[in-house]
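Structural characterization, general
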Amino acid sequence: MRKLLTTRNADEMAVLYAYLQRHNVPVTVSEHGDELELWLTVSSYQAHAKALIQAFKDNPELATAEVFEHAEAQPETAAPQSFLQQLLQQAGWFTAGYAAVVILTFTGLLTPLAEPILGAFLFNPDSFEAMPWTQPWRFFTPALLHFSVLHIVFNVFWWWYLGGRFERYYGSKWLILAFLFCALASNTSQFIESGPYFGGLSGVVYGLFGIATVVGWKNPRHPLFLPNGLIIFMLVWLVIGYTGLLWVNIANTAHTAGLISGLIVGAGIRALTLYGQNSSRKDGSQ
C-alpha cells in the first residue's frame, strides 16, 4: 500500500475518493488522529492515481461536477446488473479461474476419467510416507479434488467470498502467494497425518479465513473485515470436525494447518502494512 494524500478536510476527501473510484483506482481511506489518509492498495495504479489527484487539485470544481453528475445519472442510465455480473465483480482473475478449474476437476471425477485424475492430483498415491519431491505439483493439487456436491459448494463459496475480496484488495500476486503457502502447509500436514487419500480446498479456505481475521481485526472499514458471528461459525465448524459428529470424513489436520498458516501470512501482511504506513508518515514529516 502507498499513501497518496493526507488531509483534515473530510468533504474534500469524500469527493476525491469518489473521483478515484469513478476512474477504477483501488483506494481506501484510514484515520490517523484528526487526519484522513488516502491509501493506494495496488501499487501498479500509482502513476494513474497521481495524475488524477493532480487533475483534481488543478480543477476541483470540474472533478466534483463529474462525481455528482455520475451519481445523479447512475440510477437512470445504468442497467441493473445481473447476478452473474455482480458475482464476477467480487473476484479477480485468479479467484475465478481457480474456481473454474476446481469445478471442471469435480466434473471429471464423475466420468471415466476419475481414476487418471486422482492418479495425477493426489498427494502421493504410491506411498503413505514419501514426499513427492520429484513431482512437486502434488503438494498443491489435492486442493483441486472434491468428492461431493456439498463439499465443493461449501469450499468454492468461501474461496470466492474470501479469496475474491483478498485479490481485489491486495492483488492477484498476493493471493497466489497466499494460496501456495496455505495449500503447501495444509496438504503436507494432512498427508503426514493420514496418508495421500484426501482432497479439498478447505485448508486454503481456512488459511484465507486466518488472513482475513488478522488483517481486518477491529477494522470494519477493511474489505476483509469479518463479523464476530462469522469468525465464531468458522471456529465452531473446525472444532465439530474433530468430534466425529459429522456425516462425512473431515480433513481436520488440513483445516488446522491451513488456519495456522493463514494467521502467519495475515500477521506478515499486517506488519508490512503498518511498517509502510509508519515509513510514509516519517517521510512526510521530514
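Numbering of residues begins from 1 in every chain and follows the order in which that chain's sequence is written. Only residues with pLDDT of at least 70 are given local features in this predicted model, and only at 80 or more are side-chain atom pairs given and counted; all residues enter the totals for whole chains, interfaces and linings. Where side-chain values are given, they derive from all heavy atoms of the structure, hydrogens and water being excluded.

1. What to know about the pattern of salt bridges
What counts, and what does not: Between Lys or Arg on one side and Asp or Glu on the other, a salt bridge is scored when a side-chain nitrogen of the former is within 4 Å of a carboxyl oxygen of the latter. Here a strand is any run of E in DSSP of at least two residues, a helix any run of H or I of at least four, and the numbering for each starts at the N terminus. Relative accessibility thresholds used throughout: buried, under 20% of the residue-type maximum; exposed, over 50%; partly exposed, between the two (1.4 Å probe, protein chains only).
Scanning the entire structure with this criterion turns up one salt bridge. With a shortest N-O distance of 3.9 Å, E37 and K3 are connected by a salt bridge. Within this pair, whereas E37 is found in strand β3 (residues 35-40), its partner K3 is found in strand β1 (residues 2-7), the two being separated by 34 residues in sequence. What makes E37 buried here is its relative accessible area of 1%. Owing to a relative accessible area of 23%, K3 belongs among the partly exposed residues under this scheme.

2. Here's the deal with the packing of aromatic side chains
What counts, and what does not: Whether two aromatic rings pair depends on their centres lying within 6.5 Å, for rings of Phe, Tyr and Trp, where Trp uses its six-membered ring; planes under 30 degrees apart make the pair stacked, over 60 edge-to-face, and the rest tilted.
Enumeration according to the criterion identifies 22 aromatic pairs in this entry. Judged by centre distance (5.8 Å) and plane angle (80°), the rings of W93 and F94 are edge-to-face. On the basis of an interplanar angle of 85° and a centroid distance of 4.8 Å, the ring pair of Y169 and Y170 is categorised as edge-to-face. With respect to class, Y169 is no different from Y170; both count as buried. Taken together through their ring pairs, the aromatic side chains of F154, F157, W158, Y161, F233 and W237 make up a single cluster.

3. Description of the UniProt feature "transmembrane region" (unreviewed entry) in the protein chain
Heads up, the rule is: UniProt positions are given in the numbering used here, feature names are shortened, and annotations may be inferred rather than shown by experiment.
The positions that UniProt labels "transmembrane region" (unreviewed entry) are, in the present scheme, residues 96-123, 143-162, 174-192, 198-217, 229-250 and 256-276. End C-alpha to end C-alpha, residues 198-217 measures 32 Å, and it is 70% helix and 0% strand. Note that residues 256-276 is 100% helix and 0% strand, and that its end C-alpha atoms are spaced 30 Å apart.

4. Let's talk about the sheet that holds strand β2 (residues 27-32)
Under the convention used in this document: Should DSSP find at least two bridges between two strands, the strands are taken to pair. Only C-alpha atoms enter the line fits that serve as axes; for helices the fit covers just the stretch in contact. Angles between N-to-C directions range over 0 to 180 degrees. Whether two residues are in contact is decided by their heavy atoms: any pair within 4.5 Å suffices.
The strand order β1-β3-β2 describes an open sheet built from three strands, whose pairing is antiparallel. Looking along the sheet, the strands with just one partner apiece sit at the ends: β1 and β2. The sheet shows a mean angle of 25° between the axes of neighbouring strands, direction not considered. In terms of strand pairing, β2 meets β3 through six bridges, oriented antiparallel. Note that in β3 the partner of H32 across the bridge is E35. Packing against the sheet, helix α1 (residues 10-22) makes contact with β1, β2 and β3, and its axis sits at approximately 10° to β3.

5. A few points about the side chain of N124
By the secondary structure assignment, N124 is in the loop between α6 (114-121) and α7 (149-170). With a relative accessible area of 10%, N124 lands in the buried category. Aside from chain neighbours lying at most four places away, what touches N124 is A130, M131, P132, R138, F191 and P196.

6. As for empty space enclosed by the protein
Rules: Each cavity reported here is a set of points on a 1 Å grid over the protein atoms alone in which a 1.4 Å probe fits but cannot get out, each pocket an open set with protein on both sides within 12 Å along at least five of seven lines, and each lining residue one with an atom within 4 Å of a point. Grid points are joined across faces, edges and corners, and a volume is the space filled by probe spheres set on the points. Each residue is assigned to one of three groups, with Ala, Val, Leu, Ile, Met, Phe, Trp, Tyr, Cys and Pro labelled nonpolar, Asp, Glu, Lys and Arg labelled charged, and all others, Gly among them, labelled polar.
Overall, the coordinates contain one cavity of 30 Å³ or more when judged by the stated rule. Put simply, the largest cavity is a space of about 40 Å³. N187, F198, G199, G200, S202, G203, A251 and A254 are the residues that line the largest cavity. Of the residues in the lining of the largest cavity, the class split is three nonpolar, five polar and no charged.

7. Focus on the packing of helix α5 (residues 93-109) against α7
In plain terms, the rule: Should an angle fall under 35 degrees it is taken as roughly parallel, and over 145 as roughly antiparallel, whereas 65 to 115 is taken as roughly perpendicular and any remaining angle as oblique.
Contact geometry of α5 with α7 gives a least axis separation of 9 Å together with a crossing angle of 170°. For the element pair α5 / α7, the angle class is roughly antiparallel. For the pair α5 and α7, the contacting residues are W93, F94, T95, A96, Y98, A99, V102, I103 and F106 in the first and V149, I152, V156, W159, W160, G163, G164 and E167 in the second. Taken together, the residues of the contact of α5 with α7 sort by class into 13 nonpolar, three polar and one charged.

8. Considering α5
Just so we agree on the cut-off: By this rule, a helix spans an expected 1.5 Å times one less than how many residues it contains.
The end-to-end C-alpha distance of α5 is 24 Å, a good match for the 24 Å that 17 residues give at a rise of 1.5 Å each. Turning to α5, its buried residues number three or more, namely F94, T95, Y98, A99, V102, T105, F106, G108 and L109.

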